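Residue-level structure breakdown
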Amino acid sequence: MALIRRIGFTRFSRWGDNLGRLTVSAATHTDALDGTDELNITCAEDLVKGDRVVWIDLQGVCHEHIVDTIDRVHDDDGAPETQATCINSINETWDDWLDDKRPSGSVSVALTSILADTRWEVGTCDQGGTASRTLYHISVREGIAELLETWGGELETTIVHNGAGIVARRVNIRALRGNQSSAKRFTWTKDLVSVKRSMASDNPKTRVYGYGKGVKTEGGGYGRRLTFGDINGGKDYVEDAEATEIWGHPDGEGGILPAVASYVNEQCEDAAQLLQETKDYLKQVKEPKVTYTASVIDLYAFGRSWEGVGVGDDVAIIDKGFSEEGVRLHGRVSQIERDLLTGDATVTFGTLTDTMADMWQSVSNALKGNSQQNALYDAAAGTSVSWLQQLQAALNAQFNAVGTYRVETFELGTIYSNVPIDALNGLPLRNTSGMWAVNLNGMGLRLASGLTSDGQWDWKTFLTGGMVTADLINAGTMRADRVRAGLLTDEKGKNFWDLTTGEFSLSATATVGGDTVQSIADTAASGAQQNAVKAAEEADAKRLEEAKKYAAEQASSAGTDAKDQAKKYVDALDEALGQKSIFDRLTNNGETQGVYLKDGKVYINATYMDTGVLDADLLKAGIITDKAGKNFWDLTTGEFSLSADASVGDGDVGSSVVAVDVQYGNSTSSSTVPTTWTTYANWKQGQYLWTRLKLTLADGNTEYTTAHRMADNDGIGVSQVCEQYYLSTSSTAQTGGNWYYYQPTWVSGRYYWTRSEITWSDGTKTYTTPVLARALTSGNQSTDDLDEDLDQREVFNRLTNNGQTQGIYLSGGLLYINASYIETGIISDRIGRNTWNLSTGKLTTNYMTANNIRANGTFECGSASNLLRLINGEIRGLENGTQIGCIDFSAHSYNIDNPSIKYRGIQMTAEGTVRISSPQISTAASSNESTTATICHTGNHRLHYVSEIHDNGNGTVGWTNSWRSINFINGLCTTCSFD
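Residues numbered from 1 in each chain as written. Predicted model: local features only at pLDDT ≥ 70, side-chain atom pairs only at ≥ 80, totals over all residues. Heavy atoms only, no water.

**Focus on the packing of aromatic side chains**
Following the criterion strictly, the structure yields 7 aromatic pairs and no others. Centre to centre, the rings of Phe9 and Trp55 are 6.0 Å apart; their planes meet at 40°, and the pair counts as tilted. Residue Phe9 is located in strand S1 (residues 9-12), and its partner Trp55 is located in strand S5 (residues 52-56); the two are separated by 46 residues in the primary sequence. Of the two residues, Phe9 and Trp55, both sit in the buried class. Their ring planes at 65° and their centres at 5.2 Å tell us that Tyr726 and Trp739 sit as a pair that is edge-to-face. Of the two residues, Tyr726 sits in strand S50 (residues 718-728) while Trp739 sits in strand S51 (residues 739-740), which places them 13 residues apart along the sequence. When the ring centre of Tyr237 is taken as origin, the NZ or CZ atom of Arg207, which lies over that ring, is 4.0 Å away. (Phe/Tyr/Trp six-rings, centres within 6.5 Å; stacked < 30°, edge-to-face > 60°. Helix = DSSP H or I, 4+ residues; strand = E, 2+ residues; numbered from the N terminus. Buried < 20%, exposed > 50% of the residue type's maximum accessible area, 1.4 Å probe, protein only. Lys NZ or Arg CZ within 6 Å of the ring centre and 35° of its normal.)

**Remarks on the packing of helix H1 (residues 107-114) against helix H2 (residues 140-151)**
How two helices sit against one another is set out by the angle between their axes and by the gap between those axes. Taken N-terminus to C-terminus, the directions of H1 and H2 make an angle of 165°; their axes are 10 Å apart at the nearest point. As summarised for this structure, H1 and H2 are arranged roughly antiparallel, according to the angle between their axes. The crossing of H1 and H2 is right-handed. On H2, the residues that touch Val107, Ala110, Leu111 and Ile114 of H1 are Val140, Gly143, Ile144, Leu147 and Trp151. For the contact of H1 with H2, the residue count by class is 8 nonpolar, 1 polar and no charged. (Axes fitted to C-alpha atoms, helices over the stretch in contact; angles between N-to-C directions. Parallel < 35°, antiparallel > 145°, perpendicular 65-115°, else oblique. Left-handed = near helix turned anticlockwise from the far one by under 90°. Contact = heavy atoms within 4.5 Å. Nonpolar A, V, L, I, M, F, W, Y, C, P; charged D, E, K, R; others polar.)

**Re unusual backbone geometry**
Notably, Asn872 is not glycine yet its phi reads approximately 55°, a positive angle. With respect to the helices and strands, the residue Asn872 is situated in the loop between strand S61 (866-871) and strand S62 (874-879). Even without being glycine, Asn880 reaches a positive phi, approximately 55°. Structurally, Asn880 can be placed in the loop between S62 and strand S63 (882-894). Asn880 sits in the exposed class, given a relative accessible area of 58%.

**Focus on a nonpolar patch on the surface**
On the surface, Ile827, Trp836, Leu838, Leu843, Met848 and Ile853 cluster together into a nonpolar patch covering about 610 Å² of accessible area. Tracing the backbone shows Met848 in the loop between strand S59 (843-844) and strand S60 (858-863). (Patch = residues over 30% accessible without salt bridge, like charges linked within 9 Å, V, L, I, M, F, W, Y side chains within 5 Å. Areas by Shrake-Rupley, 256 points an atom, 1.4 Å probe, with all protein chains shown as cover. Salt bridge = Lys/Arg side-chain N within 4 Å of Asp/Glu carboxyl O.)

**A short note on the pattern of salt bridges**
If the charged atoms of two oppositely charged side chains come close together, the side chains can form a pair. All chains considered together, the criterion is met by 20 salt bridges. The salt bridge partner of Glu64 is Arg169, with a shortest N-O separation of 2.8 Å. With Glu64 in strand S6 (residues 62-74) and Arg169 in strand S14 (residues 166-174), the pair connects residues that are 105 residues apart, well separated along the chain. Each member of the pair, Glu64 as well as Arg169, carries the same accessibility label: buried. When salt bridges that share partners are traced, they join Asp31, Asp126, Glu156, Arg174 and Arg177 into one network.

**Examining H1**
Buried within H1 we find Val107, Ala110, Leu111 and Ile114. Across the axial projection of H1, the buried residues extend over an arc of 100°, all falling on one side. In this structure, the buried side of H1 is in contact with strand S8 (97-101), strand S9 (104-106), strand S10 (121-125), strand S12 (135-139), H2 and S14. (Arc of directions from axis to C-beta.)

**Focus: H2**
Counted at 1.5 Å a residue, the expected span for H2 with its 12 residues is 16 Å, and the 16 Å between its end C-alpha atoms agrees. Positive phi shows up at Gly152, right after H2, with a value of about 85°. (Expected span 1.5 Å × (residues − 1).)

**A short note on the environment of Thr975**
When you line up the elements, Thr975 lands in strand S69 (residues 972-978). Overall, Thr975 belongs to the partly exposed group, its relative accessible area being 46%. Between the C-alpha atoms of Thr975 and Ser965, which are 10 residues apart in sequence, the distance is 8.2 Å.

**Focus: the sheet that holds strand S13 (residues 154-161)**
Sheet architecture is open: 3 strands sit in the order S10-S14-S13, paired in mixed fashion. A strand with exactly one partner marks an edge of an open sheet, and here the two such strands are S10 and S13. Pairwise comparison of adjacent strand axes, ignoring direction, gives a mean angle of 30° for this sheet. By the bridge criterion, 3 bridges tie S10 to S14 in an arrangement that is parallel. Residue pairing for S14: Glu121 is matched across the bridge by Arg170. The sheet contacts of H1 involve S10 and S14, and relative to S10 the element is tilted by about 160°. Across the sheet, H2 is in contact with S13 and S14; its angle to S13 comes to roughly 130°. (Pairing = 2+ DSSP bridges.)

**Comments concerning the confidence of the model for the protein**
Per-residue confidence for the protein gives a mean pLDDT of 75; residues scoring 70 or more make up 65%. The spread of mean pLDDT over the elements of the protein runs between helix H7 (residues 374-377), the lowest at 33, and strand S20 (residues 237-239), the highest at 96. For residues 531-543, every residue scores under 50 in pLDDT, and the model assigns this stretch 19 contacts once sequence neighbours within four places are set aside. (pLDDT = per-residue confidence, 0-100.)

**A closer look at the nonpolar core**
Judged by nonpolar contacts, the single largest core of 22 residues is most densely connected at Ile114, Leu115, Ile144, Leu147, Val171 and Ile173. Contributions of two or more residues to this core are made by H1, S12, H2, S13 and S14. Sort the elements by how many residues they give to this core and H2 lands first, with 5 residues. What Leu147 contacts, discounting residues up to four positions off in sequence, is Val107, Ala110, Leu111, Ile114, Gly152 and Ile173. Judged by nonpolar contacts, the second largest core, of 15 residues, contains Val53, Trp55, Ala84 and Leu340. (Core = buried A, V, L, I, M, F, W, Y, C linked by side-chain atoms within 4.5 Å.)

**Quick word on the pairing of strand S30 (residues 437-441)**
Judged from the 4 bridges that link them, strand S29 (residues 413-417) and S30 form a sheet pairing that is antiparallel. In the strand pairing of S30, Ile415 is matched with Asn439. Once S30 ends, the chain turns through 2 residues before running back antiparallel as strand S31 (residues 444-451).

**Considering the side chain of Gln663**
One can find Gln663 in strand S46 (residues 657-667). Residue classification places Gln663 among the buried residues on the basis of a relative accessible area of 9%. A distance of 2.8 Å separates a polar atom in the side chain of Gln663 from a polar atom in the side chain of Arg692. (Polar contact = N/O pair within 3.5 Å; in protein donor to acceptor, adjacent residues only side chain to side chain.)

If you want it as structure tokens, here you go:
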């Protein structure tokens, strides 16, 4: 279990209302290339189908999932909790409709058309090529699937948030998801056992023959296929000689024969194209198909950090399981399953293909668990369910690898086959294995996979206008108004329903109303047994008292033993806590690099740290364990385990008692010990009831105490003894709780009490005197005390050998780190408002004070309705995505009288108007900042001018004087009117 920044989960209604943080006790996320994007959580809140769960992973990526399936259950303490499966929010587009769309062009153009009437936007689309497709009467989600089928690419979603809610949802169509230039490296050697390595059943091929389209003959069939020998040195094949050295086979004369396959493109009519396609195919099949599955912790132990690995990342693999030098492979990360609370992750990567035999096995296994997945199939986040997708891919590979022969007559219709067939009767010219045929005529379609005993095609699959008849049908989801069948049964025949006779049978492990059939039968049998015990004869009081006394002695003895064992456990634990065990706990076994302080706790991670003895009064951690994992203490769950060869005090843990069971047996003799023992007492008339204790030791061995007789044929017998527990607020009385048959969850400051409930053969019940369980109480309280006493200074002293380790020290309650290099992922404040992702370089902050900043790219501030953007040397203002103004510093002009004189300056543009609001504006005819500027005038001015000139008719002219009032604001004329 790793110490990581805790991920928060926020619940939103389907309408976007924030319903608060969820109290999550378990959370796992599965992301895969086959389209799986599933979140499984357990929380205290009662979720509603359709709720949205939003969370941000440790790489800062936002996720949104829709609550799909819900189970409301009670935990061990009786508190209700919700177990929910949530799916990627893209699945809401199953409810959006495409009536008639015919997108064509690039993938982004097609996606824009499909998403036009949804709230989803087009994101990154780097899948190339152009195509067209008709989308008629289907959902938007189905339309996206058909787009992927036509244009290619891989589906990815992006969720954008602003801290309060989701502001954008985008669909990305990527040529390849993940980092195709990843630095991830992995070397497989034969001695590795903690990483699962799965190899496909098909063998690598080192020589491939290429065949194109055949030439049509007069008989309706096809002749020799196109080859490329004329442009390939006379060879109709391509070969990798180095691969043949590894994957070929002996020729019997000391040489090596290649492993041969063929590549067929029925539509190819160009030899050069066929040659290139065959070379590409050889690259795919010359390597073995190997898949590796491992935890991130395991992978780190092999020398690389895999924390930042993502689905789709390209992985370089050197597999030394085939040769000493190693075979170099390339694969992609196909699936990652992460525990979001502990940080544990399992990665699957490699060359993920297989042959038909393995595909059928995969189909069989998937069908066995099909009933538990039906609810998810209709809302799959990817293309189709994985087993069916694999089957389809394998079938397509086989279809593409064979040629086709055709015969057409009026009587036969059209027969297609993968082997040469007779032009008159459509039968194969020679009998070989793996023959297939398809017959299309006026009745319908029928298929055969072999011949009958008389040499005719053995038609077994039929498709007509009225029905489909087949021996086997593989499908993802089957819907029907009515199912008619003979026998419905599982593969092993444990449960069945005969629809002919009506007989219905369930196995003992089947559940009815939440209970298994076996438990229902046991309950009925137990009731019958209790009624029989009640009818037993009465026994004398003396034997009753002896039995009570014996039970009380056994309970007291067991309590004393438990106390001694608990003390030994605590002493051993106190001695075992060392610097290394704490360090492994805090750093995920050294996987997380760096040193940091968070929430008052110091976290130190290093590849190597040399120290002596770790001395502390209190230690707080998740799991304290040795390197081999033999001994551990989970301080989160309280689970404590010592190996059998560990020592506690003067003895070995292996000899310590870890479990005690009371056993009972009947004997026909008062002196002969019974040979058959059970954990329940069932006295019989005329027999003697005996008891003993079964002691289970830590090393797995079992010991027994001396057997004692409890009742004879003259007395009453004990039918059952049950231990009860009480969690009290007092050490002197039972108060503040109830008696339970199980041990209640520990609460600090309280006290455990125990007693035995004895059920006698006459049906009566008696109880032993309650005893304070000091061992249970002190053991749990000691753990709490140890957890509370370890403060920041004590943790630091243990981790740094009292400060002797150089480069890290603590002063005045502050942690100081001196290092040339610290590797980390995201630097964040406690509540995540300000973050710096050192992997991507993204810096997010609400407030910043800086003396000097140099930046490339784009700087933005403000909101969508009032956004300031600095880009390419310009200051731009935008409103809801539309630019409304711009100031740039690239304006150039020249003197019209002397063009050699050029001026550089500022240019200001606006969509509508430019507004200047200032008490004063000053100006100077200089670019020198030190030049004195003149304040521009504000006010009204009257201008006297000649407004009209006229001829007086006597050889003279006259004129009229007028006045104009001109208003200036900061030197700019605003109004001008005539008198």
